[in-house]
Amino acid sequence: MQVLRPISSEDFAALKNIAVESGHGFTSLPVDDKLLTSKIQRSQESFSKSLNSPIDEGYLFVLEDLETGEISGTTAIEAAVGMQVPLYHYHQGKTVHHSSTLNVYNTVEILSICNDYTGSSEICTLFLREQFRRGLAGRFLSRIRFLFMAEHSERFSNRVIAEMRGVSDENGHSPFWQWLQEHFFSIEFPKADHLVGLGDKVFISELMPKYPIYANLLSPEAQAVIGHVHEKTKPALRLLQKEGFEHRGYVDLFDAGPTVEARLENIRTVRETQYGTLDIVEELPSSETTWALSNGQLEHFRATFTTSVVWNEQTETFTTTSKTAEALQLQQGNKVSGFVL
């Protein structure tokens, strides 16, 4: 049985392996011992805080196989982005050049640098190791974050965003960055990507063009990838779209990948979650329906997914096995929440 829980110091080696396996473009997990250690420590501090509103917390989770102890994946939530280090995006807009005298009317797409998502909550750092990419584990990792946020809504913004990885080749080179590099930055995309992962974003404000960029001045290759995701990111984007996330014209500064957003209360998982009490039995036949279940706690948060669940809407009761209850660290009659995965 696989259980999602807050990361601990003992998970450092597993997190570093995930960082290595994630490759180029996964800026939230750079291969840097000091940074990974600080991420774990920050997460532990965030879970232990008593809060009424989001400030600058980061919640990092790992997915563990209880039988083997192996860590198969990770996922995270940033409570309020851009509060300490500026969060930059390009926003796609239009400008019109019109001359009635010459009977000329041209609409041109522009990219304007902005900090519009400051204070938003961000879901991020979702990675499932390749040998575990089967069944519903990936969907579980994606959706369970919304349940956690709903159960602790005072810790998060009502505006939730997700930055999607943009188009790059097998060596990590982005066609969009190539144009920026030639004209403004003079450093390779992997290096810029790595600096951002380390939290070093000063060079962005120092070198980024301050005025809107006319998209038609970019190379054809750069124009073609604006707002598009990496091939490997398409499944993750489809999952978020099913949850109600939309792209409203914001793209990443480096690879032009889209940032999608939704209101927390409008997210499908939040709307479909059921809340009830736990009824424990020794055995329960598997059904065709898989449920994701959460114990609703904070520091001792546990969540899993299983087909051995019966939901009784009339009595608001989740019936499940003692094995599942043990994985969730719950006892008979405890509060539990869940949704159909």
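A brief report on the enclosed structure follows. Everything numeric in this text was worked out from a predicted model, so none of it was measured. (Residues numbered from 1 in each chain as written. Predicted model: local features only at pLDDT ≥ 70, side-chain atom pairs only at ≥ 80, totals over all residues. Heavy atoms only, no water.)

1. Details of the overall build of the chain
Now for step 1: Regarding its fold elements, the chain presents 10 helices and 16 strands.
Now for step 2: Taking 2.2 N^0.38 as the reference for a compact globule, 341 residues should give roughly 20 Å; the C-alpha atoms of the chain span a radius of gyration of 22 Å, in line with that estimate.
Now for step 3: If one aligns the C-alpha atoms of the chain with their principal axes, the spans along those axes are about 80 × 45 × 40 Å.
Now for step 4: Burial analysis of the chain (341 residues in total) assigns 49% to the buried set.
Now for step 5: Accessible area for the chain stands at about 16,300 Å²; split by element, carbon and sulfur atoms hold 48% of it.
Now for step 6: Between the mean site of the 30 positive side-chain charges and the mean site of the 44 negative ones, the chain shows a separation of 2 Å. (Helix = DSSP H or I, 4+ residues; strand = E, 2+ residues; numbered from the N terminus. Rg over C-alpha atoms; globule rule 2.2 N^0.38 Å. Buried < 20%, exposed > 50% of the residue type's maximum accessible area, 1.4 Å probe, protein only. Areas by Shrake-Rupley, 256 points an atom, 1.4 Å probe, with all protein chains shown as cover. Lys, Arg positive; Asp, Glu negative; His and termini not counted. Charge placed at Lys NZ, Arg CZ, Asp CG, Glu CD.)

2. A short note on helix H3 (residues 137-151)
Now for step 1: For H3, with 15 residues, the first-to-last C-alpha span of 21 Å sits near the 21 Å given by 1.5 Å per residue.
Now for step 2: When you tally the buried positions in H3, you get 12 out of 15 residues, the bulk of the element.
Now for step 3: Buried within H3 are the following residues: Ala 137, Phe 140, Leu 141, Ser 142, Arg 143, Ile 144, Arg 145, Phe 146, Leu 147, Phe 148, Met 149 and Glu 151. (Expected span 1.5 Å × (residues − 1).)

3. Overview of the environment of Lys 49
Now for step 1: On the secondary structure map, Lys 49 appears in the loop between helix H2 (33-48) and strand E2 (58-65).
Now for step 2: Through-space distance from the C-alpha of Lys 49 to that of Leu 298 is 9.8 Å; in sequence the pair is 249 residues apart.
Now for step 3: Among the polar contacts made by the side chain of Lys 49, one reaches the side chain of Glu 57 at a distance of 3.3 Å. (Polar contact = N/O pair within 3.5 Å; in protein donor to acceptor, adjacent residues only side chain to side chain.)

4. Re H2
Now for step 1: Between the first and last C-alpha of H2 there are 23 Å, a value that for 16 residues agrees with the 22 Å anticipated at 1.5 Å per step.
Now for step 2: Listed in full, the buried residues belonging to H2 are Leu 35, Leu 36, Ile 40, Ser 43, Ser 46 and Phe 47. Across the axial projection of H2, the buried residues extend over an arc of 140°, all falling on one side.
Now for step 3: Capping the start of H2 is the job of one residue whose side-chain oxygen sits 3.3 Å from the backbone nitrogen of Lys 34: Asp 32. (Arc of directions from axis to C-beta.)

5. A look at unusual backbone geometry
Now for step 1: Here the phi dihedral of Thr 125 falls at roughly 60°; this positive angle occurs in a residue that is not glycine.
Now for step 2: Here Thr 125 is to be found in strand E6 (residues 121-128).
Now for step 3: Positive phi, close to 50°, is recorded for Glu 316, a residue that is not glycine.
Now for step 4: Checked against the element boundaries, Glu 316 lands in the loop between strand E14 (309-312) and strand E15 (317-321).
Now for step 5: For Glu 316, a relative accessible area of 47% translates into the label partly exposed.

6. Observations regarding the nonpolar core
Now for step 1: Ranked by internal contacts, the top residues of the largest apolar core, which has 39 residues, are Leu 4, Phe 140, Ile 144, Phe 148 and Phe 245.
Now for step 2: Elements with a contribution of two residues or more to this core: E2, E6, H3, strand E7 (159-163), helix H8 (234-243), strand E10 (258-263) and strand E13 (303-306).
Now for step 3: Considering each element in turn, this core owes the most residues, 8 residues, to H3.
Now for step 4: Not counting the four nearest positions on each side in its chain, Ile 144 is found in contact with Leu 4, Ala 292, Phe 301, Ala 303 and Phe 339. (Core = buried A, V, L, I, M, F, W, Y, C linked by side-chain atoms within 4.5 Å. Contact = heavy atoms within 4.5 Å.)

7. Description of the packing of aromatic side chains
Now for step 1: A complete count under the given rule lists 16 aromatic pairs for this structure.
Now for step 2: Their ring planes at 80° and their centres at 6.3 Å tell us that Tyr 90 and Phe 176 sit as a pair that is edge-to-face. Separated by 86 residues along the polypeptide, Tyr 90 in strand E4 (residues 89-99) and Phe 176 in helix H4 (residues 175-185) bring together distant segments of the chain. The residues Tyr 90 and Phe 176 share a single accessibility class, namely buried.
Now for step 3: The structure contains a cluster of three or more aromatic residues connected by ring pairs, namely Phe 47, Tyr 59, Phe 61, Phe 148, Phe 156 and Phe 301. (Phe/Tyr/Trp six-rings, centres within 6.5 Å; stacked < 30°, edge-to-face > 60°.)

8. Some words on the side chain of Thr 233
Now for step 1: Considering the arrangement of structural elements, one finds Thr 233 in the loop between helix H7 (220-225) and H8.
Now for step 2: Sequence-distant contacts of Thr 233, defined by excluding residues within four places in its chain, comprise Met 164 and Arg 165.

9. Details of the environment of Glu 130
Now for step 1: Considering the arrangement of structural elements, one finds Glu 130 in the loop between E6 and H3.
Now for step 2: Remark: the alpha-carbon pair of Glu 130 and Thr 95, spanning 35 residues in sequence, is separated by 44 Å.

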